[in-house]
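Secondary and tertiary structure notes
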Amino acid sequence: MKKMMVVLVALLFTLPLLAQESNTAQEKVNRKVARYLKENRVKDLATYLQSLKTCPTKAVKVENIPSFCVVNAFRRNGQIADKDLNARIDPIHLQIQAGAGKEAYAVVDRVSIFKALEYGLREKYKALYHTSSVAFNKNNYVAFYKNYKNTWLKDDVKQLIKRYWTWSQLHTYDALGAATMNLMIFAREAKIPVKEFMVIPEEDMICDSFINGAWKVAIKENARDLFRTLKYHTMMYYFSEKTDMYEGSLNVIMPDYERRYFMLPLILIAGPDGTIPMDVKRGVTSVVHQCEEQVQSYQECSGYNEEEIAYAKRVCKRLKESAIEHKVYIKNAEELRAEAKTKAQKKFQKEAETPITSRHIHF
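Below, the structure is looked at part by part.

Inspection of every chain in the model, using the stated rule, returns twelve salt bridges. Across the salt bridge formed by R41 and E39, the nearest N and O atoms sit 2.8 Å from each other. Under the relative-accessibility criterion, R41 is labelled partly exposed at 34%. On the basis of relative accessibility, which here comes to 40%, the residue E39 falls in the partly exposed class. Through salt bridges that share partners, E39, R41 and D44 make up one connected network.

Here it is as structure tokens:
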């Protein structure tokens, strides 16, 4: 009796664990992909994924009903169509070819290849580093990426690190800024273009929080140059993408320029040698010109009154003055000639006003 009780208790503790071992089509493929990756059989994994059939779009014969089908096909070059981790994988009702006037359907499981890869790579990462893949670790990420950078898995590993292992876990904008800066640092060390890991918040109202989070990491990791790059592209986004002279009224557009004008000095973080890159100068100069072009368009449009146009001119003037003050405005040939002419006139006027007795005369 005692022995039977021990067996019963053992079963009670074992059954819940057995129940967790689900055997849906997605989970079966997940485990198979994880096994290929654990055994470092990357080429064999590609062959296996190529063998999986995509879900039919037309009616099929009874003998051709698949046990499951995939929602994102695997191509020979290693690319996957529809890399959405949230792709619907609920079963579909697949129509079966039947006689005229008859309808028949089979319920077929759908599988996402990308979900399977995400699962397999997480498991591989956990086996290598004994920690969760979503806990950012620059050195681990670089080493993990290098395992696959010369394989067809390269782009998928980058996308998983960027979108699903880091950014998707964040709930605050300062954390997003910190994660973005961390990933840009990772990208540089992994020899990946840092722009691939750069994110810019959709709404400018949260920009300060995002930038503050990035700045803290930049200071800690001595990455002011990357912070400058992030800040510059953030500014360009809000000037060039979020502000459109054909959307909204002048009273909506110009205050946005007013706010960005005050951000300008913060954006321009000089490099280690104190210099500001030429691409930043060109970008800021283009912003000033864009503002001036908008003012010109307001003057040519009958929908704006003199007060509104004067306000627009004032904002653009301050923006340009700020850019010149911070030595990030590139003057064109016409402006340089006008500046030289003004200097010459001032010099001539000063000499003309200076008493002859106080001048240095050389014979």
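That covers the picture; the talk isn't over yet.
Helix α6 (residues 154-164) packs onto helix α5 (residues 138-148) with a crossing angle of 155° between their chain directions and a minimal axis gap of 8 Å. In terms of orientation, α5 and α6 fall into the roughly antiparallel class. The handedness of the crossing between α5 and α6 comes out as right-handed. Counting all contacts with α5, which are made through Y141, F144, Y145 and Y148, the residues of α6 involved are K154, V157, K158 and I161.

A word on the packing of aromatic side chains. One pass over the structure, following the stated rule, counts 13 aromatic pairs. Their ring planes at 85° and their centres at 5.4 Å tell us that F186 and F197 sit as a pair that is edge-to-face. Pair noted here: F186 is in helix α7 (residues 173-189) and F197 is in the loop between α7 and α8 (207-220), with a separation of eleven residues, a long-range link. Judged by relative accessible area, which is 0%, F186 ranks as buried. For F197, a relative accessible area of 0% corresponds to the buried category. Among the aromatic residues, those joined into a cluster by ring pairs are Y125, Y129, F136, Y141, F144, Y145, Y148, W165, F186 and F197. It is K162 that lies over the ring of F197; its NZ or CZ is 5.5 Å from the centre.

It is worth spelling out the packing of helix α2 (residues 25-38) against helix α4 (residues 113-129) at this point. At a minimum axis separation of 8 Å, α2 and α4 run at an interaxial angle of 45°. Between α2 and α4, the angle falls in the class oblique. Between α2 and α4 lies a crossing of right-handed hand. Across the interface between the two elements, Q26, V29, N30, R31, V33, A34, L37 and K38 from α2 touch K115, A116, L117, Y119, G120, L121, E123 and K124 from α4.

Rules and cut-offs
Here the residue numbers are simple positions, counted from 1 along each chain's written sequence. In keeping with the predicted nature of the model, local features appear solely for residues at pLDDT of at least 70, side-chain atom pairs appear and are counted solely at 80 or more, and the whole-chain, interface and lining totals rest on all residues. Remark: hydrogens and water are excluded; side-chain values derive from all non-hydrogen atoms of the structure. For salt bridges, the criterion is a side-chain nitrogen of Lys or Arg within 4 Å of an Asp or Glu carboxyl oxygen. Each residue's exposure class comes from its accessible area (1.4 Å probe, protein chains only) as a fraction of the maximum for that residue type: buried when under 20%, exposed when over 50%, partly exposed otherwise. Lines are fitted to the C-alpha atoms to define the axes, a helix being fitted only along its stretch in contact, and any angle between axes, read from their N-to-C directions, falls within 0 to 180 degrees. Strands here are runs of E lasting at least two residues and helices are runs of H or I lasting at least four, both read from the DSSP assignment and numbered beginning at the N terminus. Oblique is the label for any angle not under 35 degrees, not over 145, and not in the 65 to 115 range, which are roughly parallel, roughly antiparallel and roughly perpendicular in turn. Helix crossings get a hand from a simple test, with the near helix turned counterclockwise from the far one by less than a right angle marking a left-handed crossing and a clockwise turn marking a right-handed one. Every residue pair with non-hydrogen atoms within 4.5 Å of one another is taken to be in contact. Think of it this way: a Phe, Tyr or Trp ring, Trp meaning its six-membered ring, pairs with another when their centres are within 6.5 Å, and the plane angle makes it stacked under 30 degrees, edge-to-face over 60, tilted otherwise. We count a charge as sitting over a ring when the NZ of a lysine or the CZ of an arginine lies within 6 Å of the ring centre and within 35 degrees of the ring normal.

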